[in-house]
Amino acid sequence: MHQIINEIRESFDNDLKIVTSAEQLENLRIAYLGRKGKISQLFEDFKNLPNEEKRTVGKELNILKTTSQNKFDEMKEKLSEGSSNGNADIDLTLPGRKVEVGTKHILTQTLEEMRDIFRGLGFSVHEGPELESDHLNFEMLNFPADHPARDMQDTFFVNKDFLLRTHTSPVQIRLMSNQKPPLRAIMPGKVYRNEAISAKSYCLFHQVEGLYIDTDVTFAELKGTIVSFAQQFYGKDVKYRFRPSFFPFTEPSAEVDIWWEPANGKEGRWLEILGCGMVDPNVLENCGIDSEKYVGYAFGMGVERIAMLKYGVSDIRTFFDNDKRFLKQF
Ligand code: DAH
């Protein structure tokens, strides 16, 4: 009997070790401590023992029963703790975390819209460097050596020969020097001017340059392209005008204004959005293009101006402040 008690203790312990669920534990209880379980059975056998053995065996049996019951209770608690602990990490009453979705900067949106319109008109997209040579930024574009735009006040010079480009026009030169006509491309990018910062001007802004070179390009086509852009961007009823102007790299040249009416009911006025013209034959020749055979037009638009007009922004600096209250509106 002594030996059987030990065997049952061992097998109970072993069976308990592999219990992982409440269901398995309950089966174990029935198998050992239940009314017909192994330990209860031992108590039945006990009744038939001779009296002199009953004392010691009875003691052992009681110990087996109580320790087994204790181990069972302990395990039961462990299992239920485990499951309630798992839940304790999650407070289902907490409000969810709000995921903030960012938006594209209004200038990026404007640039993308402009790009899509010009793509629709048959223009491809090219880019050039922001650090540019004086040669490409001025000389190749037919700026005389003493032109005021070369003045230190307007240009951020890096050294005698290099500068931060003051316009996107040098990308025209790069394109015309590297590819053969016909050419039809827009060239978006950042430009820099060493100007006093105010609501109207900033040291950095964006331009979109346009260029079309072929054998029979006319000023009427230039006009048609600009008007088509303005109508797609601002709507069919947009009021515009072409004014004669001067640029060293175009002849004839013009500037285009858009009629702007402020939302507050104040009187409207003309606002300039771009410069344009027929590419000067000198510029074509500088790039190795035969000016007897080819002609072309070019234009350069200020992206901030174009966005200010469309969205009623009155201070150019707000584009660069990165104030979320401003950016969120678009
Ligand atoms: N580069 C000129 C500027 O920054 C804008 C411009 C005018 C570009 C006429 C052109 C053009 O391509 O034909 O003020």
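What counts and what doesn't
Residues numbered from 1 in each chain as written. Predicted model: local features only at pLDDT ≥ 70, side-chain atom pairs only at ≥ 80, totals over all residues. Heavy atoms only, no water. Near = heavy atom within 4 Å. Polar contact = N/O pair within 3.5 Å; in protein donor to acceptor, adjacent residues only side chain to side chain. Areas by Shrake-Rupley, 256 points an atom, 1.4 Å probe, with all protein chains shown as cover. Helix = DSSP H or I, 4+ residues; strand = E, 2+ residues; numbered from the N terminus. Nonpolar A, V, L, I, M, F, W, Y, C, P; charged D, E, K, R; others polar. Axes fitted to C-alpha atoms, helices over the stretch in contact; angles between N-to-C directions. Parallel < 35°, antiparallel > 145°, perpendicular 65-115°, else oblique. Contact = heavy atoms within 4.5 Å. Salt bridge = Lys/Arg side-chain N within 4 Å of Asp/Glu carboxyl O. Buried < 20%, exposed > 50% of the residue type's maximum accessible area, 1.4 Å probe, protein only. Core = buried A, V, L, I, M, F, W, Y, C linked by side-chain atoms within 4.5 Å.

Caption draft 1: Broad picture of the site of the ligand. Taken together, 15 residues lie near the ligand, and His167, Gln172, Arg193, Gln207 and Glu209 sit nearest. Within the side chain of Arg193, one N or O atom sits 3.0 Å away from an oxygen atom of the ligand. At 3.3 Å, a backbone N or O of Phe299 approaches an oxygen atom of the ligand. Its free accessible area being 360 Å², the ligand has 89% of it covered by the protein chains. The set of elements that each furnish at least two residues to the shell around the ligand consists of helix H7 (169-178), strand E5 (204-214), strand E8 (269-279) and strand E9 (295-302). Tallied by class, the residues present in the shell around the ligand amount to five nonpolar, eight polar and two charged.

Caption draft 2: Main features of unusual backbone geometry. Along the chain, Pro181 connects to Pro182 via a cis peptide bond; the corresponding omega equals 5°. Within the secondary structure, Pro182 sits in the loop between H7 and strand E4 (183-192). In this model, Glu251 is joined to Pro252 through a cis peptide bond whose omega is -5°. The phi dihedral of Asn322 is positive, around 55°, even though this residue is not glycine.

Caption draft 3: Broad picture of the packing of helix H1 (residues 2-17) against helix H2 (residues 22-32). It is the contact of H1 with H2, at a shortest axis distance of 11 Å, that shows an interaxial angle of 170°. Taken as axis vectors, H1 and H2 run roughly antiparallel relative to one another. From H1, Ile8, Ser11, Phe12, Asp15 and Leu16 reach across to H2, where they touch Leu25, Leu28 and Tyr32. Across the contact of H1 with H2, the residue classes tally to six nonpolar, one polar and one charged.

Caption draft 4: Molecular detail of the pattern of salt bridges. Summed over all chains, the structure comprises 13 salt bridges. The salt bridge partner of Lys47 is Glu44, with a shortest N-O separation of 3.4 Å. When its relative accessible area of 42% is taken as the criterion, Glu44 is described as partly exposed. As a salt-bridge pair, Lys104 and Glu112 come within 3.1 Å of each other at their nearest N and O atoms. The network of salt bridges with common partners includes Arg241, Arg243, Glu255 and Asp257.

Caption draft 5: How the structure looks around the nonpolar core. In terms of nonpolar packing, the biggest core is built from 42 residues, with Met114, Phe229, Leu274, Tyr297, Phe299, Met301 and Phe319 touching the most fellow members. Not counting residues within four places of it along the chain, the set of residues in contact with Tyr297 comprises Phe123, Gly210, Leu211, Tyr212, Val217, Thr218, Glu221, Leu222, Thr225, Gly277, Met278 and Val279. Ranked by size, the runner-up nonpolar core spans 24 residues in total, among them Val171, Phe247, Val279 and Cys287.

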